[in-house]
Every structure is written in C-alpha cells, then in structure tokens.
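Secondary and tertiary structure notes
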Amino acid sequence: MSKITQDKKQSAEMEDQWPVLAICYDFDKTLSPKNMQEFGLIQDLGYDDSPNGMRKFWREVERFAKKQHIDVYLAGMYYFIRKMRKSGMKICADTFRDYGKHVQLFQGVSTWFDRIRTIGKRHHVKIEHYVISAGYKEIIEGTSIFKKLNGVFASTFYFDEDHEHVWAGRVLDFTGKTQVLYRIKKNKMDENDPSVNEHVKKNRVPFRNMVYIGDSETDIPCMQIVKENGGNSIGVYQSKCANKERILEIMKDGRLSFYKRADYSAGSDLEKIVTAIIEKTEKCEKLQIEYEKMQESFKRTIKNQEIKKSKKANAKSKNGSHLDNTARNQNIRTVQDSESVIPYVTMDDIRQWGLRSSTEGACQNFVCGVSPWKDDCNQQDFRTRYLTFWH
C-alpha cells in the first residue's frame, strides 16, 4: 500500500468519527433556474422555447391529470412518454441522461459541493449532499454534479432488459420526500426497505444535523420537519423571479430558518449561512458528546446507588429476621394449652428480679418452656412463683 493510499484511508477513518451534516436539496429552481425537462426535452416535443411554451406543456399535463383523475406526477411521466413516442424518439435511460447534460445550474453550483465539504473538514464535520426531487433521476444522472452527490432520490422510469421504457419505476411527490429525510436520518438508503419505520436507538444523522434547501410550496413538508426538529431550512429565490414572494410567504408562516438568493458562489450569503451552520454543528456536537457522557455517568451512579441500597435492605432484612426470632423467644407472651394460659418471661425480667448469673443459665430452659403451674396467673403472680421455685 502506497503512502498516499494509506493517508487517504486514515483520513477516511478519521472522518467517519466526525458528526455528519446532511444538506438536502430540491433540484428544479433550487439548483437549476428552470425545470430539468425545460432544457431541451419539452422543446423537442414541439413546444416553443419560451416561458409561454413551457407553461403550455405543464397546463396540458395538469388538465390531463384532472380529467383522468390521476396523480399529477404520474400524469407528467405518462405525458412525456406518450409525446416522445409520437415524436419517434428513443425512450431509454440514456436519452434522458443526454438531456441532463444540457441542464444549466445556478452560479457557483458546480464548485459548491466540494467547497462545502472542505469547510466541513476544517470544523471536523462530515458533509453529505443529497438531492430529493420530484424530477427524473435519469436526467439528474446526466448532469455535471451527479458524481459529487452522496445520493439522489427522485422519480424514475422502469426500463426492461432491452433498455426500453415499460412503466413508471417510482414517483416521488412532496410527501414522499419526507420519507427520504427519515431514510437519511436512520441510514436506511434502500428505498424498498420497510425498516425505515422501525425505531432505532441512535440515528446516524439526527434532524438537528440536517439542512434542507428548497424554493416552493412542494418543499414545505420537508422544510417544516427539519426546522421543527432542530435543523435548518433555507428558502432560495432567483433575483428576477416571482418565487421570492412565495419564499417570503413560507418564511412568514414559520417554515423557514433563512431565505437567500440562489447564488452558490464562493463568499455568497448562502455560503456564509451554511458555513455558520457547520460551525454551530461542530460546537453543538461537542456539547452533545459531553451531555451523553454525563448521562451515562449519571445512570451508572444511580445504578450503583440502587445496588448499595438493595444490599443494605437485604442485610437489614436478614438481621431483622434474626431479631424477630430472638424476640419470639424473649418477649412476654402466652401459650394456649388445653387447660390454661401460661405466661412466659424474658431474660431481662430475670435480671431485673435480681437473680445471679449462674441462676440465669440454669433457668434459661425454664424460660423457654412451659410453666409447671396449671392454674391461671398474672405476670406478678408468676414472678413470685418463679422466684420461689428456684430459691
């Protein structure tokens, strides 16, 4: 193993000990200024390359979904396939990936992921980047940033062994996005793994260590879950776009931690906010580690105290049992026989009556036995008879 390889391995092992900060992004109008299908695909289906042409296509999808009473996301996938077939286009994963190569990104996005990871390393925080989108995974796979991401969760098509389209593989709507957050939290990345709903003792990425960046109402469920559980949600807007008004409304409703312009370049306000979150994560996780250590120490202390208390109680119980047996032999009590009630006396009584120590030993068997007198007598009478009997 070369020194470079060994150093990389040691560095990776060290980073695995750091807290993880997961930054999750919507794609359309969050990382890119338009919907991913608007960078060539819709135009090749015969629509004008203009805002009006794009709106016309999406309105047709909405009307189709409403008329057929089907999910609007499924309607969109069906509508694309139908239009592509009519246009004679080859419908396969590579076709969508080719369109992904033409997707434009906001300023600074191409270098953003590596920069943020570097900032994280300076603060001993491991940064992971995830895209969570209702758009098409096949298109995202063709973009220049795909290999820089830790994971992509998006809608997919199903292609057979001949790479031909057969069906919708997965639809990720705005509620499905929230499940992805729980997968990241619990490290259950297989989208078919039902154990995401099971309780885990320790989460790999707690919500407090998550950042969600989005641009519209479809991101609200994710924004709210992250923010309400101690994480940070950031709304981004374009400088010359109406979505700033939507972001302000979301902010007013308390679903956002911050809102910034969609500028991902070095030194931008967005980078400063994320850097501050990384710094906070470093400090908070140090406190969390100390808190967990204190909790463990506290639990051990309480457990030891309970053990000591239990041992003391057991010892007292054994001692008390011995004293009870002694008391049964020493306390004045009566024994009911067939003819009379016969009193017993204690050794203390004997000492109070002035008997010599030798007499004490001699009369001990009598004290523990039955009086020779069969008639009823009180303690004073018994004392008189007892002393007379021995003297």
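Please refer to the structure higher up on the page.
Residues numbered from 1 in each chain as written. Predicted model: local features only at pLDDT ≥ 70, side-chain atom pairs only at ≥ 80, totals over all residues. Heavy atoms only, no water.

1. Points about the overall build of the protein chain
Helices and strands together make up the secondary structure of the protein chain, namely 14 helices and nine strands. Looking at the 391 residues of the protein chain, the share that counts as buried comes to 42%. Across the protein chain, the fraction of contacts at a sequence separation of at least 24, relative to all contacts at a separation of at least 6, is 57%. When the accessible area of the protein chain is evaluated, it comes to approximately 22700 Å², of which 49% is carbon and sulfur surface. (Helix = DSSP H or I, 4+ residues; strand = E, 2+ residues; numbered from the N terminus. Buried < 20%, exposed > 50% of the residue type's maximum accessible area, 1.4 Å probe, protein only. Contact = heavy atoms within 4.5 Å. Areas by Shrake-Rupley, 256 points an atom, 1.4 Å probe, with all protein chains shown as cover.)

2. So, the pairing of strand E2 (residues 126–136)
The side chains of a regular strand alternate, residue by residue, between the two faces of the sheet. Most of E2 sits inside the fold, with ten of its eleven residues counted as buried. Pairing of strand E1 (residues 20–25) with E2 involves six bridges; the strand directions are parallel. Following the sheet pairing, Tyr25 is matched in E2 by Val131. Inspection of the sheet shows E2 paired to strand E3 (residues 151–159) by four bridges, in the parallel sense. Residue pairing across strands places Ile132 opposite Phe153, the latter belonging to E3. (Pairing = 2+ DSSP bridges.)

3. What about the sheet that holds E1?
Ordered in space as E4-E3-E2-E1-E5-E6-E7, the seven strands form an open sheet in which the pairing is mixed. At either end of the open sheet lies a strand with only one pairing partner, and these are strand E4 (165–170) and strand E7 (258–261). Averaged over all neighbouring strand pairs, the angle between strand axes comes to 25°, with direction disregarded. Across four bridges, strand E5 (residues 210–214) lies against strand E6 (residues 232–237) in parallel orientation. (Axes fitted to C-alpha atoms, helices over the stretch in contact; angles between N-to-C directions.)

4. What about the state of the cysteines?
Applying the stated criterion across every chain, the model contains zero disulfides. Distance from the sulfur of Cys24, which forms no disulfide, to the nearest cysteine sulfur (Cys222) is 7.8 Å. Judged by its relative accessible area of 1%, Cys24 falls in the buried class. (Disulfide = S-S within 2.5 Å.)

5. Description of helix H4 (residues 72–86)
An ideal rise of 1.5 Å per residue puts 21 Å on 15 residues; H4 measures up with 21 Å between its terminal C-alpha atoms. Restricting attention to buried positions, one finds in H4 the residues Ala75, Gly76, Met77, Tyr79, Phe80, Ile81 and Met84. Buried residues along H4 sit in contact with helix H2 (41–44), helix H3 (51–68), helix H5 (93–100), E2, E3 and E4. The distance from a side-chain oxygen at the start of H4 to the backbone nitrogen of Tyr73 is 2.8 Å, and the residue carrying that oxygen is Asp71. (Expected span 1.5 Å × (residues − 1). Polar contact = N/O pair within 3.5 Å; in protein donor to acceptor, adjacent residues only side chain to side chain.)

6. With respect to the environment of Asn52
Topologically, Asn52 is positioned in helix H3. A polar side-chain atom of Asn52 sits 2.4 Å from a polar atom in the side chain of Arg55.

7. Describing the side chain of Ser265
Take Ser265: it is sitting in the loop between E7 and helix H11 (269–330). Of the residues examined, Ser265 reaches a relative accessible area of 16% and is grouped as buried. Polar side-chain contacts of Ser265 include one of 2.7 Å to the side chain of Asp263. Every residue in contact with Ser265, bar those within four places of it in the chain, is listed here: Gln107, Gly108, Arg115 and Glu271.

8. Digging into a nonpolar patch on the surface
Judged by side-chain polarity, Tyr158, Val166 and Trp167 come together as a nonpolar surface patch covering roughly 350 Å² of accessible area. In this fold, Tyr158 is placed in strand E3. (Patch = residues over 30% accessible without salt bridge, like charges linked within 9 Å, V, L, I, M, F, W, Y side chains within 5 Å. Salt bridge = Lys/Arg side-chain N within 4 Å of Asp/Glu carboxyl O.)

9. A closer look at the packing of aromatic side chains
Throughout the structure, instances matching the rule amount to 17 aromatic pairs. Judged by centre distance (4.8 Å) and plane angle (45°), the ring pair of Phe57 and Phe80 falls under tilted. One end of the pair, Phe57, is in helix H3; the other, Phe80, is in helix H4, and 23 residues separate them in sequence. With a relative accessible area of 0%, Phe80 lands in the buried category. Centroid distance Phe64 to Tyr79: 5.8 Å. Interplanar angle 45°. Geometry classified as tilted. Separated by 15 residues along the polypeptide, Phe64 in helix H3 and Tyr79 in helix H4 bring together distant segments of the chain. Of the two residues examined, Phe64 and Tyr79, each falls in the buried class. By way of ring pairs, the aromatic residues Tyr47, Phe57, Trp58, Phe64, Tyr78, Tyr79, Phe80, Phe96, Tyr136, Phe157 and Phe159 are connected into one cluster. Its guanidinium or amino end placed over the ring of Phe39, Lys34 lies 4.7 Å from that ring's centre, counting from NZ or CZ. (Phe/Tyr/Trp six-rings, centres within 6.5 Å; stacked < 30°, edge-to-face > 60°. Lys NZ or Arg CZ within 6 Å of the ring centre and 35° of its normal.)

10. Quick look at the pattern of salt bridges
Within this structure, the stated rule accounts for 15 salt bridges. For Lys126, the salt bridge is made with Asp16, and the minimal N-O distance between the two is 3.1 Å. On the criterion of sequence distance, the pair formed by Lys126 in strand E2 and Asp16 in the loop between helix H1 (3–15) and E1 is long-range, its members being 110 residues apart. Classification of Asp16 as exposed rests on a relative accessible area of 52%.

11. Quick look at the packing of H3 against H4
Contact geometry of H3 with H4 gives a least axis separation of 9 Å together with a crossing angle of 115°. The handedness of the crossing between H3 and H4 comes out as right-handed. On the side of H3, the interface is formed by Phe57, Trp58, Glu60, Val61, Glu62, Phe64 and Ala65, while H4 contributes Val72, Ala75, Gly76, Tyr78, Tyr79, Phe80, Arg82 and Lys83. Residue composition of the contact of H3 with H4, grouped by class: ten nonpolar, one polar and four charged. (Left-handed = near helix turned anticlockwise from the far one by under 90°. Nonpolar A, V, L, I, M, F, W, Y, C, P; charged D, E, K, R; others polar.)

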